[in-house]
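Chain by chain, the residues run as shown.
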Amino acid sequence: MALLDIAGLSVRFQTNSGLFTAVENVDIQVDHGDVLSIVGESGSGKSVSMLATMGLLPWTAQVSAERMAFDGQDLQQLGSRQRRRIVGGEMSMIFQEPMSSLNPCFTVGTQIDEMIKQHKGGSRRERHERALELLAQVGIPDPARRIKAYPHQLSGGMSQRVMIAMAISCDPRLLIADEPTTALDVTIQAQILELLLKLQEEKGMALILITHDMGVVAETAKQVIVQYAGRQVEQQEVRSLFAHPRHPYTEALLSALPERAAGQTRLPTIPGVVPGQHDRPTGCLFNPRCRYATERCREVEPVAAPDDPARTLCHYPLGRPDAEPSSGPSPGVSPETSSPSRPEVRP
Ligand SMILES: Nc1ncnc2c1ncn2[C@@H]1O[C@H](COP(=O)(O)OP(=O)(O)OP(=O)(O)O)[C@@H](O)[C@H]1O
Ligand SMILES: [Mg+2]
């Protein structure tokens, strides 16, 4: 049984201009001790799917799911008290902006203590010992001094370490890290990732790492979900995703990696942005930015083929060994007419 088992998750927001579907039909399975990465550009619904899982979205959000279970417990059926015991305890989350997640008015020690008090309890002295131990575990030098510091006295990297200490204070079985390094500079980013992976391994906890950086995915994940405009467009094990991306969006994200763009004077980026509430196209949501898009892509929403383990949300998944990814379909020839019986095959 998977530790986290989510099927058919959708999130709609009630906005002034109507309902907006931010996440649609998302499936997430994470086993005990696994590392999963969710990757996609800004606005692809990564945070919203995780916040929905944690039950942390505002009341304007309508969350629905066929299945939403943590360790066999149906999260949708839990009362708020039971849910609070799981969220922040057995399943815990760290966010992109460490500075704004810490309360500026209280010392590091007080904030860690509050977490331990809520979920684990113990005497004041035991909690103090535990807090010192946690600070040491996340690599904070001189914990006895730092425990008395206020958030503004810490660097960005140190604050993120404190957030991690708080997140692991209750020995979670699942840690969700939502772009934990985005706000930090590059050398610190690497250290924080290393720390997260070290803790993940030592504690045998599962880790969901949310990122927009394929470089981070390459170094950390085993399983990867690629998300675009609220939909999962493909999922694969990391090595095969890098070797054989199935969705044109994944291919585009990969070709924007510095090492893949070697020799080019400018780093390629994907032209355009993820469509928001008011500019969602018909057909495939990626079609306006897709180099392979055809008439069919502009008109018909793709569904994943039932026999495709990567569940690629594309009319023409990449990856046929003899496919020629750099040439799109010839103009005027609709893929249906060129290969009616093999919808998987690129024209
Ligand atoms: N409370 C809300 N009300 C209305 N729309 C929202 C709300 N929260 C998020 N959205 C919208 O949902 C979509 C997905 O947002 P989300 O924050 O999950 O993206 P993301 O993939 O985490 O992006 P980023 O990389 O920037 O963090 C966006 O279009 C966003 O504007
Ligand atoms: Mg986000």
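Residues numbered from 1 in each chain as written. Chains lettered and ligands numbered in written order. Predicted model: local features only at pLDDT ≥ 70, side-chain atom pairs only at ≥ 80, totals over all residues. Heavy atoms only, no water.

1. Digging into the overall build of the protein chain
In step 1: The number of helices and strands found in the protein chain is 13 helices and 11 strands.
In step 2: The C-alpha radius of gyration computed for the protein chain amounts to 22 Å, which stays within 12% of the reference 20 Å derived for 347 residues, consistent with globular compactness.
In step 3: Dimensions of the protein chain, computed from C-alpha atoms along their principal axes, come out at roughly 75 × 50 × 40 Å.
In step 4: The buried share of the protein chain, taken over its 347 residues, is 51%.
In step 5: Put simply, 66% of the contacts in the protein chain that link residues at least 6 apart link residues at least 24 apart.
In step 6: For the protein chain, the computed accessible surface area is about 16800 Å², with 51% contributed by carbon and sulfur atoms.
In step 7: For the protein chain, the distance from the average site of its 35 positive side-chain charges to the average site of its 40 negative ones is 5 Å. (Helix = DSSP H or I, 4+ residues; strand = E, 2+ residues; numbered from the N terminus. Rg over C-alpha atoms; globule rule 2.2 N^0.38 Å. Buried < 20%, exposed > 50% of the residue type's maximum accessible area, 1.4 Å probe, protein only. Contact = heavy atoms within 4.5 Å. Areas by Shrake-Rupley, 256 points an atom, 1.4 Å probe, with all protein chains shown as cover. Lys, Arg positive; Asp, Glu negative; His and termini not counted. Charge placed at Lys NZ, Arg CZ, Asp CG, Glu CD.)

2. Quick notes on the site of ligand 1
In step 1: Around ligand 1 there are 14 residues in total, and Ser42, Gly43, Lys46, Ser47 and Val48 lie nearest to it.
In step 2: Within the contact set of ligand 1, an oxygen atom lies 3.1 Å away from a backbone nitrogen or oxygen of Ser44.
In step 3: One of the side-chain nitrogen or oxygen atoms of Ser47 is found 2.8 Å away from an oxygen atom of ligand 1.
In step 4: In isolation ligand 1 offers 640 Å² of accessible surface; the protein chains occlude 68% of this area. (Near = heavy atom within 4 Å. Polar contact = N/O pair within 3.5 Å; in protein donor to acceptor, adjacent residues only side chain to side chain.)

3. As for the nonpolar core
In step 1: Grouped together as the largest cluster of nonpolar side chains are 37 residues, with contacts concentrated most on Ile112, Leu135, Val138, Val162, Ile164, Ile168 and Leu196.
In step 2: Going through the elements one at a time, α4 (108-119), α5 (124-137), α7 (156-168), β8 (174-178), α8 (186-203) and β9 (206-211) are the ones with two or more residues in this core.
In step 3: Counting residues per element, this core draws most heavily on α7, at 8 residues.
In step 4: Beyond its immediate stretch of four places on either side in the chain, Val162 contacts Leu102, Val108, Leu135, Ile140 and Leu154.
In step 5: Counting residues in hydrophobic clusters, the runner-up holds 36 residues, among them Ile28, Leu75, Leu78 and Ile208. (Core = buried A, V, L, I, M, F, W, Y, C linked by side-chain atoms within 4.5 Å.)

4. Brief notes about α5
In step 1: Its 14 residues give α5 an end-to-end C-alpha distance of 20 Å, which sits within 8% of 20 Å, the value for a rise of 1.5 Å per residue.
In step 2: Buried-residue contacts for α5 involve α4, α6 (143-146) and α7.
In step 3: Just downstream of α5, Gly139 is the residue with a positive phi angle, here 80 degrees. (Expected span 1.5 Å × (residues − 1).)

5. With respect to empty space enclosed by the protein
In step 1: Summed over all chains, the structure comprises 1 cavity of 30 Å³ or more.
In step 2: The computed volume of the largest cavity comes to approximately 100 Å³.
In step 3: In terms of lining residues, the largest cavity is bounded by 15 residues, among which Pro248, Cys284, Cys290, Cys297 and Cys314 are the most central.
In step 4: Here the lining of the largest cavity is built from residues that sort into 11 nonpolar, 3 polar and 1 charged. (1 Å grid on protein atoms, 1.4 Å probe; cavity = no way out; pocket = protein on both sides within 12 Å on 5 of 7 lines; lining within 4 Å. Points joined across faces, edges and corners; volume = space filled by probe spheres on them. Nonpolar A, V, L, I, M, F, W, Y, C, P; charged D, E, K, R; others polar.)

6. With respect to helix α1 (residues 46-54)
In step 1: Within α1, 8 of the 9 residues are buried, which leaves it mostly tucked inside the rest of the structure.
In step 2: All of the buried residues along α1 are Lys46, Val48, Ser49, Met50, Leu51, Ala52, Thr53 and Met54.
In step 3: Looking one or two residues past α1, Gly55 carries a phi angle of roughly 70 degrees, positive in sign.

7. A closer look at the layout of surface pockets
In step 1: Approximately 640 Å³ is the volume found for the largest pocket.
In step 2: In terms of lining residues, the largest pocket is bounded by 24 residues, among which Arg84, Val87, Gly88, Gly89 and His119 are the most central.
In step 3: Of all the secondary-structure elements, those providing two or more residues to the lining of the largest pocket are α2 (80-86), β7 (91-94), α4 and α7.
In step 4: Among the elements that line the lining of the largest pocket, the one with the most residues is α4, at 5 residues.
In step 5: A per-class count over the lining of the largest pocket returns 10 nonpolar, 8 polar and 6 charged.

8. Quick word on the pattern of salt bridges
In step 1: Per the counting criterion, the structure on display carries 21 salt bridges.
In step 2: A salt bridge links Arg173 to Asp71; the shortest N-O distance between them is 2.8 Å. Here Asp71 lies in the loop between β5 (67-70) and β6 (73-74) and Arg173 lies in the loop between α7 and β8, a separation of 102 residues in the sequence.
In step 3: With relative accessibility at 24%, the residue Asp71 sits in the partly exposed group.
In step 4: Of the charged contacts, one joins Arg239 and Glu237 as a salt bridge, the two residues approaching to 3.7 Å between their closest N and O atoms.
In step 5: You can call Arg239 exposed: its relative accessible area is 66%. (Salt bridge = Lys/Arg side-chain N within 4 Å of Asp/Glu carboxyl O.)

9. Details of the side chain of Asp308
In step 1: For Asp308, the position within the fold is in the loop between α12 (295-299) and α13 (335-338).
In step 2: A polar contact is formed between the side chain of Asp308 and the backbone nitrogen of Ala310, at a distance of 2.9 Å.

10. Regarding the UniProt feature "domain: ABC transporter" (unreviewed entry) in the protein chain
In step 1: Here the UniProt feature "domain: ABC transporter" (unreviewed entry) sits at residues 4-254.
In step 2: Between the first and last C-alpha atoms of residues 4-254 the distance is 28 Å; the span itself is 40% helix and 27% strand. (UniProt positions renumbered as here; feature names shortened; annotations may be inferred.)

11. A short note on the pairing of strand β3 (residues 35-39)
In step 1: Here β3 lies mainly inside the structure; 5 of its 5 residues are buried.
In step 2: Across the two faces of β3 the burial is the same, with Val35, Ser37 and Val39 and Leu36 and Ile38 all buried.
In step 3: Bridge analysis of β3 against β9 gives 5 bridges, and the strand direction is parallel. Paired with Ser37 across the strands is Leu209, a residue of β9.
In step 4: The pairing of β3 with strand β10 (residues 223-228) spans 4 bridges and is classified as parallel. Among the inter-strand pairings, Val39 is bridged to a residue of β10, identified as Val226. (Pairing = 2+ DSSP bridges.)

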